[in-house]
Amino acid sequence: HAWRLRRRVAANDVYLSEGLQFAPLLLRGLGRRRVRTFMIVSNETPYFLLSGCYGRLKGMVLRRLFAAWTGYLCLGRMEREIVQALVGADVHTVEVPGFIRRERYDAFQHIAPDLGGRRVLSIANGPGGFRAWYKGLDVMTAAVRRVRERQPDVVLDIVGNWTPDVVRQYEGPGIAF
């Protein structure tokens, strides 16, 4: 069926795909080196690559695949900055703003948080593994432990579905799931 794919590739010079796919290598392997491939970047993959979460070998392979794209459409500034750190600032990146419905945006503009409160609420869903790290449970719980050294009445409530091993690892005085 490679001939069908070759015919489709021959009819198109630009491909857009969401996330890290094998399209650039496949298209270039079919002799279409001039094909331009653009990735929609809107997930945690670039962050994990930059932070070394995948390990040495897997990270090296994924970085190479990631760098094979012609350009990147990044959802927000953070994604764009991470992509540029991975592939270089000279690679074509476009920052696409996040989309928040106007009525929600307007409603949030009028919220005045009570900064004098002692309860912190985190809504973060797991269920476990790297998601705890990605969601920042390690940083968040460490920060609350430090704050509790001076303000013992500060409490962190983490709402979400987490595996028992994550709960055991991060819960403690003033930190509840």
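Counting restarts for each chain, with residues numbered from 1 along the sequence as it is written. With pLDDT at 70 or above as the cut-off, local features in this predicted model cover only qualifying residues; side-chain atom pairs require 80 or more to be listed or tallied, and sums for whole chains, interfaces and linings still use all residues. Calculated side-chain values reflect all of the structure's heavy atoms, with hydrogen atoms and water omitted.

Student: Can you help me understand the side chain of Glu79 in this one?
Tutor: A run of DSSP states H or I qualifies as a helix once it reaches four residues; a run of E qualifies as a strand once it reaches two. Both are numbered from the N-terminal end. Following the sequence through the fold, Glu79 ends up in helix H5 (residues 77-87). Using a 1.4 Å probe on the protein chains alone, a residue whose accessible area is under 20% of its type maximum counts as buried, one over 50% counts as exposed, and one in between counts as partly exposed. Charge counting treats Lys and Arg as positive and Asp and Glu as negative, with His and both chain ends excluded. When a carboxyl oxygen of Asp or Glu is within 4 Å of a side-chain nitrogen of Lys or Arg, the pair counts as a salt bridge. For the buried Glu79, no salt bridge is present, and the opposite-charge side chain at shortest range is Arg131, 11 Å distant. A polar contact is formed between the side chain of Glu79 and the backbone nitrogen of Asn43, at a distance of 3.3 Å. If we skip the residues at most four places from it in the chain, Glu79 touches Val41, Ser42, Asn43, Pro46 and Cys74. We define a polar contact as two N or O atoms separated by no more than 3.5 Å, with the added condition that, inside protein, one atom must be a possible hydrogen donor and the other a possible acceptor, whereas residues neighbouring each other in sequence contribute only through side-chain atom pairs. Throughout, a residue-residue contact means that at least one pair of heavy atoms, one from each residue, lies within 4.5 Å.

Student: Explanation requested: the pattern of salt bridges in the structure shown.
Tutor: A side chain with one charge may pair with a side chain of the opposite charge, provided their charged atoms come close. Scanning all chains against the criterion turns up seven salt bridges. Glu44 serves as the salt-bridge partner of Arg131, at 3.9 Å between the closest nitrogen and oxygen. Placement of Arg131 in helix H7 (residues 130-134) and of Glu44 in the loop between strand S2 (36-41) and helix H3 (45-51) is noted, with a sequence separation of 87 residues between them. Given a relative accessible area of 21%, Glu44 falls into the partly exposed group. In this structure, Glu103 engages Arg101 in a salt bridge whose closest nitrogen and oxygen atoms are separated by 2.8 Å.

Student: So what exactly am I meant to see when it comes to the sheet that holds strand S5 (residues 119-123) here?
Tutor: Sheet strands pair by backbone hydrogen bonding; their relative direction is either parallel or antiparallel. The pairing criterion for strands is at least two bridges between them, as found by DSSP. Ordered by their spatial adjacency, three strands build an open sheet running S5-S6-S7, and the pairing between neighbours is parallel. Strand pairing shows two members of the sheet lacking a second neighbour, S5 and strand S7 (175-176), which therefore form its edges. Of the strand pairs in this sheet, S5 and strand S6 (residues 155-159) are connected by five bridges, and their pairing is parallel. Residue Ile123 lies in a different strand from S6, and its bridge partner there is Val159. All axes here are fitted lines through C-alpha atoms, helices being fitted over the stretch that makes contact, and every angle between N-to-C directions spans 0 to 180 degrees. Where helix H8 (residues 137-150) meets the sheet, it contacts S5, S6 and S7, and its direction lies at approximately 160 degrees from that of S6.

Student: What is the right way to read the nonpolar core from this model?
Tutor: One broad trend across soluble globular proteins is that nonpolar side chains are buried collectively. Nonpolar core, defined: a set of buried Ala, Val, Leu, Ile, Met, Phe, Trp, Tyr and Cys residues in which side-chain atoms within 4.5 Å join the residues together. Core analysis: the biggest nonpolar cluster contains 13 residues, and Met39, Val41, Phe66, Tyr72, Val83, Leu86 and Val87 have the highest contact counts within it. Per-element tally for this core: the top contributor is H5, with four residues. Excluding residues within four positions of it along the chain, Val41 makes contact with Pro46, Tyr72, Leu73, Cys74, Leu75, Glu79 and Val83. If you look at the next biggest cluster of nonpolar residues, it comprises 12 residues, including Ala124, Leu156, Val167 and Tyr170.

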